[in-house]
Structure formats: structure tokens, C-alpha cells
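# Fold and contact review
Listed below, chain by chain, are the residues.
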Amino acid sequence: MSTSLNGKLVTVFGGSGFLGRHIVQALAKRGYRVRAAVRRPDLATHLQPLGAPGQIMPVQANLRYRWSIDRAVIGSDAVVNAVGILAPTGKQSFDAVQAFGPRAIAEAARSAGISGITHISAIGANADSTSAYARTKAAGEAGVLETLPDSVILRPSIVFGPEDNFFNQFAGMARISPSLPLIGGGETKFQPVYVCDVAEAVARAVDGDLNAGATYELGGPEVKSFRECLEDTLEITRRSRFLMPIPFRIASIMGRIMQNFPGAPLTADQVELLKSDNVVSQAAKSEGRTLEGIGIAPATLATILPTYLERFRLHGQYDAHRPA
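Residues numbered from 1 in each chain as written. Predicted model: local features only at pLDDT ≥ 70, side-chain atom pairs only at ≥ 80, totals over all residues. Heavy atoms only, no water.

Our focus in this paragraph is the nonpolar core. Ile23, Leu27, Leu154 and Phe167 are the most contacted members of the largest nonpolar core, which totals 68 residues. Top contributing element to this core by residue count: helix α6 (residues 195-207), with eight residues. Every residue in contact with leucine 27, bar those within four places of it in the chain, is listed here: Val10, Val12, Tyr32, Val34, Ala203 and Val206. One finds Ala61, Val97, Ala104 and Ala108 within the second-largest nonpolar core, a separate group that totals 25 residues. (Core = buried A, V, L, I, M, F, W, Y, C linked by side-chain atoms within 4.5 Å. Buried < 20%, exposed > 50% of the residue type's maximum accessible area, 1.4 Å probe, protein only. Helix = DSSP H or I, 4+ residues; strand = E, 2+ residues; numbered from the N terminus. Contact = heavy atoms within 4.5 Å.)

Glycine aside, negative phi is the norm for most residues, and most peptide bonds take the trans geometry. Phi angles above zero are rare outside glycine, and arginine 238 is one such case at about 55°. Within the element layout of this structure, arginine 238 appears in the loop between α7 (226-237) and β13 (242-246).

As a packed pair, helix α5 (residues 167-176) and α7 sit with axes 10 Å apart at the nearest point and diverge in direction by 60°. Between α5 and α7, the interaxial angle falls into the category oblique. Classified by chirality, the crossing of α7 by α5 is right-handed. The segment α5 lies against α7, with Phe167, Phe170, Ala171 and Ala174 engaging Phe226, Cys229, Leu230, Thr233, Leu234 and Thr237. (Axes fitted to C-alpha atoms, helices over the stretch in contact; angles between N-to-C directions. Parallel < 35°, antiparallel > 145°, perpendicular 65-115°, else oblique. Left-handed = near helix turned anticlockwise from the far one by under 90°.)

Quick look at the packing of aromatic side chains now. Across all of its chains, the model carries nine aromatic pairs by this definition. Between phenylalanine 160 and phenylalanine 167, the aromatic rings sit 6.3 Å apart at their centres with planes inclined by 85°, giving edge-to-face as the arrangement. The class for phenylalanine 160 is buried, based on a relative accessible area of 0%. Using a relative accessible area of 1% as the deciding quantity, one classes phenylalanine 167 as buried. Aromatic ring contacts, followed pair by pair, group Phe160, Phe166, Phe167, Phe170, Phe190, Tyr194 and Phe226 into a single cluster. (Phe/Tyr/Trp six-rings, centres within 6.5 Å; stacked < 30°, edge-to-face > 60°.)

As far as function goes, none of this settles anything; it's purely spatial.
The following block contains the structure:
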């Protein structure tokens, strides 16, 4: 990598995750030195080849321990929080990771003399939601803005990309199951957004190109129903599967049972999330608080999905040029 360094250091909490690794790469390309604050630095060595030698360094930090957050922020010029969970596991609860954690990061950044951080939240964050995920996302936003009002909040819809846990999960299920579940009938609307587009928005926020104190909603160019997302997945993987509608009430019962097992594909809280559409609001569009509003042309599903879902075809990537 030949990019010259600009002398500035950015700490990225959650830098080894699906979104985090793309944020790290986007920042490295701009010449920032990146400190990836993660729970397991020994499992984050895949980040270092994304930049020049010595440009990217994983360090240990856990949002449940304030002292580790303070240590990770020391000497930084900017801070990004990309930590989030879809389901609690052990001590990694929604409250600890998505409510307490963001406020603690903002407080540590304030103590380090940083005027605002870039915080990744989610479309649907709502203090009054029936979903604990959505409530704690809202609490995290509030904690950040109360501590550092000049922070930038980014709310993506469902994020897709090579390592995503949505399209990959259903494509994997289609390999072994004769049917795929349509929770609530599959009518929930999404606006899937490409992970690299979200990472670019984060990098522009760190550059100072986004408005301080603003909340941006990030969605792709298409609004798709849950059913349409599964249909696209089956079309690309060249598999025919029955799409089975499951009422929310039944899905909630299934989620409460499944969530007791490690790696559960569905939880009761996720069912609650699916009761609301996950799309960019009209207010964000009219006020320019979107990808298009900041000058990013979002990638389409049709452009990106085949590049990583073709491995789920019967003969994998070797099916690429076989007749459908």
C-alpha cells in the first residue's frame, strides 16, 4: 500500500467486525493510522494487511471496562464506534454494549480533548421500541450526543457484503433446507446498504465532511421486502425453495426457544424488530442526511450479491457460466 500517512490517529472500536474491518480499510486508504480497539487482538491480525506496515494496530479494549476504553483512546485524533450485537451472549448484553458502551467511549474521547466521535447506530433506533436492540441503540445515541453534542450518528439499514450475516445466512440455509422462513409473511421493508458505502460515509465523517451533531440514515438505492430479499438470494444461488410464511406470534415463540442455544438463527427480539420497516425516512431524504446527500452513489444488490453468493450454487463459483 503506497498511501502516504497523514500523521493522524483514529481509534476504531469494533474494528475487527464485519463493518469495522471495512472502516479500518477506508481510513487506512486515506492515510490515517488506525488503532483497532477489540476484545481479542489476537483474532484481529487480518486487519494489518489492509494498510502499510505499522499503519494498523489492534489493541485490547472491552466496552464493559471503562479503563480499557480510556487506554484505547489516549493520543487519538478521532474516534469511531462500530460495536454492536444482534443478540446478547454471556456478559455481552444489549445494555452493556449498546447503551453503556457508547456513552463511555464518548466520555473517554471528551477527556482526551476530542470534540465529537462517529457513532454507528441503526435505522429503527427508538427509545419506545418493543425491541431491546432498538431501545439500547437509541440509548447509545443519546449517551453520545449528551456527552459530545458535535458527534456524528450514522444509522444504516441492513448492511450487506461478503461477510454479512443476512444474505449469507439464508443462502446457507437454502443449501440444506427445502424451505426458508418468511417471518410475519415477509412484508417487512428493508433498504440494504453496501458495507463499503457505509465505511466511506464513516471516513468522510472522520475527515470532517459531515455536519457535526447530525444523524444520517444510510440506505441503498432500492427498498426490498423480506420476501424479495430471499427471492433475490435464491435466484443468484440458482436454488428453488418454498418460502414459508410464519406469523409473528409463532415466530416469537420459536425465537424464545432458539435464543437459548449458541448461534441461534432467530431470537424473540429480532422478531420484534421485523415488525417495523427498516428504511430511510422522508425527513432524512429531504434534509440531505443520506448517502446521496453526502455525495455517495450507493451500490445496488444486483451489482454486489453475485460476487459472494455464487459460492452457494450447487457447483460453487464453477456454476458462474453454466446455463441457469
